[in-house]
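One-letter residues, chain by chain:
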Amino acid sequence: MPFGLVRLPSVVCPIIESPNNHSVFLLSIGTDVATSPPVQPLARASNNGWRSSAVSALHLSATDIERKDDRVATQNPRNIEKGYPGYGNASNATRLAADMQEVDQLQSKTSLRILHVTDVHYVLENIKRLKERLQTEKIDLILLSGDNADMAMDRNASLDTLQKYEEDMRQVVQALEAINPIVIYIPGNHDSFTMFGDHPPEMTPQSIGVHKKCIQLASGLRLMGFGGSVPGFQLGKQVLEGFPFETEENFAEEFMPLVEQFSNFTGNIIFMTHIGPSSLGTAVDCSDIPNPVEFGSETVRQTMESDTLQKSVFLHLHGHSHGARGSIMIGRTTVVNPGPLK
């Protein structure tokens with residue numbers, strides 16, 4: 001079904017249009033424009049069909065909460081080959097996406113109000129304040145786009161360490177379930193390595209992990225998810241390693257089979273990744289002007305520009321780049337990075 005999108009002003013370096021205390025976005029999407037709240041429009045329906053109709057930033061404290069960079073001792077290595085079956089294996093990525101899961105509670109919905117949260121970094125106090133802020137808001141589900149825990153990017157972490165950060169992520173999901181019981185998540189580069197395997201640990205009985213998966217949110221509306229990051233670069237020099245993907249090529253090996261799985265889908269898709277598309281204002285951190293840091297993925301950028309996704313993906317949600325909050329358009333697709341929860 002076609003969409004008529006309202007083009008937003010581009011968020012381009014060095015101008016970041018969102019204030020520093022933007023921390024989460026509440027989006028309303030639906031088939032009935034009358035149900036949309038009177039806030040800044042992102043899309044307008046030209047015919048019946050799902051579209052994002054509004055987005056508003058929720059302003060919380062402007063004070064950044066410092067987080068401890070907890071470096072972990074590396075003992076008892078659990079490397080890719082031994083500990084994580086399916087990592088780096090494109091056929092497994094395709095197989096994982098084969099079974100379409102539905103969110104039963106949402107199938108009869110004709111409009112949805114979605115809370116998008118990212119980069120919590122295990123600061124549970126921020127979720128408590130978010131819950132207080134949202135007491136009067138109606139929310140149908142929560143999308144959580146990675147860096148839920150705050151693990152050092154260590155591919156050789158011990159089993160005990162990995163389990164510790166699994167539990168941290170579980171507590172984040174549980175805290176968000178106190179706001180709304182439907183929480184759908186992907187891992188980021190600061191989450192446990194185990195979250196990227198073929199059979200990741202369950203966070204809670206009702207939450208849904210969608211890394212390398214596509215699920216049906218409601219009739220005619222799907223959510224596709226992919227977590228993790230690629231290396232970050234400043235002035236051509238790598239300044240941040242990717243996790244669990246060491247290179248852009250490693251990332252593409254797992255990412256592209258998921259995209260190809262749904263290349264013929266004619267409905268509407270929300271795409272949730274941890275990293276954003278490269279060379280865009282939602283992924284390039286310009287806080288160090290004139291030396292911006294590229295945190296995005298060229299694979300994601302090229303894919304989002306392709307005819308394959310332009311015909312179906314109307315909304316792309318991501319996080320990862322803390323200093324690049326805002327929204328921008330790629331063709332008909334609205335890209336949103338709300339910035340870290342603060």
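Residues numbered from 1 in each chain as written. Predicted model: local features only at pLDDT ≥ 70, side-chain atom pairs only at ≥ 80, totals over all residues. Heavy atoms only, no water.

### Things to note about the sheet that holds strand 13 (residues 237-240)
Turning to step 1, where the next piece is worked out: An order of 13-12-16-15 is seen for the 4 strands of this open sheet, with the pairing classed as antiparallel. The open sheet terminates on both sides in strands that have one partner only, identified here as strand 13 and strand 15 (284-285). (Pairing = 2+ DSSP bridges. Helix = DSSP H or I, 4+ residues; strand = E, 2+ residues; numbered from the N terminus.)

### Considering the confidence of the model for the chain
Turning to step 1, where the next piece is worked out: Averaged over every residue, the pLDDT of the chain is 74; residues scoring 70 or more account for 71%.
Turning to step 2, where the next piece is worked out: Confidence, read as mean pLDDT per element, is least for strand 1 (residues 4-5) in the chain (26) and greatest for strand 8 (residues 183-186) (96).
Turning to step 3, where the next piece is worked out: This stretch, residues 1-23, has a pLDDT under 50; its non-local contacts, to residues over four places away or in other chains, come to 76 contacts.
Turning to step 4, where the next piece is worked out: Counting interchain partners and residues more than four positions distant, the pLDDT-below-50 stretch residues 52-98 has 130 contacts. (pLDDT = per-residue confidence, 0-100. Contact = heavy atoms within 4.5 Å.)

### Concerning helix 6 (residues 298-305)
Turning to step 1, where the next piece is worked out: Those residues of helix 6 lying buried are Thr 299, Val 300, Thr 303 and Met 304. Looking down the long axis of helix 6, one finds its buried residues gathered within 125 degrees of arc, a one-sided arrangement.
Turning to step 2, where the next piece is worked out: Buried positions along helix 6 lie against helix 5 (248-261), strand 14 (268-273), helix 7 (307-310), strand 17 (313-317), strand 18 (326-330) and strand 19 (333-337).
Turning to step 3, where the next piece is worked out: Regarding helix 6, its N-cap is Ser 297, as a side-chain oxygen of that residue lies 3.2 Å from the backbone nitrogen of Thr 299 further along. (Buried < 20%, exposed > 50% of the residue type's maximum accessible area, 1.4 Å probe, protein only. Arc of directions from axis to C-beta. Polar contact = N/O pair within 3.5 Å; in protein donor to acceptor, adjacent residues only side chain to side chain.)

### A short note on the side chain of Ser 321
Turning to step 1, where the next piece is worked out: As for its placement among the helices and strands, Ser 321 is situated in the loop between strand 17 and strand 18.
Turning to step 2, where the next piece is worked out: Here Ser 321 falls in the buried class, since its relative accessible area comes to 2%.
Turning to step 3, where the next piece is worked out: At 3.4 Å, the side chain of Ser 321 and the backbone oxygen of Ala 283 are in polar contact.
Turning to step 4, where the next piece is worked out: Residue contacts for Ser 321: discarding those within four places in its chain leaves Thr 282, Ala 283, Val 284, Asp 285, Phe 295 and Asn 337.

### Brief notes about the side chain of Ser 278
Turning to step 1, where the next piece is worked out: Following the sequence through the fold, Ser 278 ends up in the loop between strand 14 and strand 15.
Turning to step 2, where the next piece is worked out: By relative accessible area, which is 4% here, Ser 278 ends up buried.
Turning to step 3, where the next piece is worked out: A polar atom in the side chain of Ser 278 sits 2.7 Å from the side chain of Glu 298.
Turning to step 4, where the next piece is worked out: Residue contacts for Ser 278: discarding those within four places in its chain leaves Glu 294, Gly 296, Ser 297, Glu 298 and Arg 301.

### With respect to the packing of helix 3 (residues 124-133) against helix 4 (residues 159-177)
Turning to step 1, where the next piece is worked out: Interhelical geometry of helix 3 versus helix 4 gives an angle of 10 degrees and a closest axis separation of 10 Å. Taken together, the axes of helix 3 and helix 4 lie roughly parallel to each other. Residues Leu 124, Ile 127 and Leu 130 of helix 3 lie in contact with helix 4, whose contacting residues are Gln 171, Val 172, Ala 175 and Leu 176.
Turning to step 2, where the next piece is worked out: For the contact of helix 3 with helix 4, the class distribution of residues is 6 nonpolar, 1 polar and no charged. (Axes fitted to C-alpha atoms, helices over the stretch in contact; angles between N-to-C directions. Parallel < 35°, antiparallel > 145°, perpendicular 65-115°, else oblique. Nonpolar A, V, L, I, M, F, W, Y, C, P; charged D, E, K, R; others polar.)

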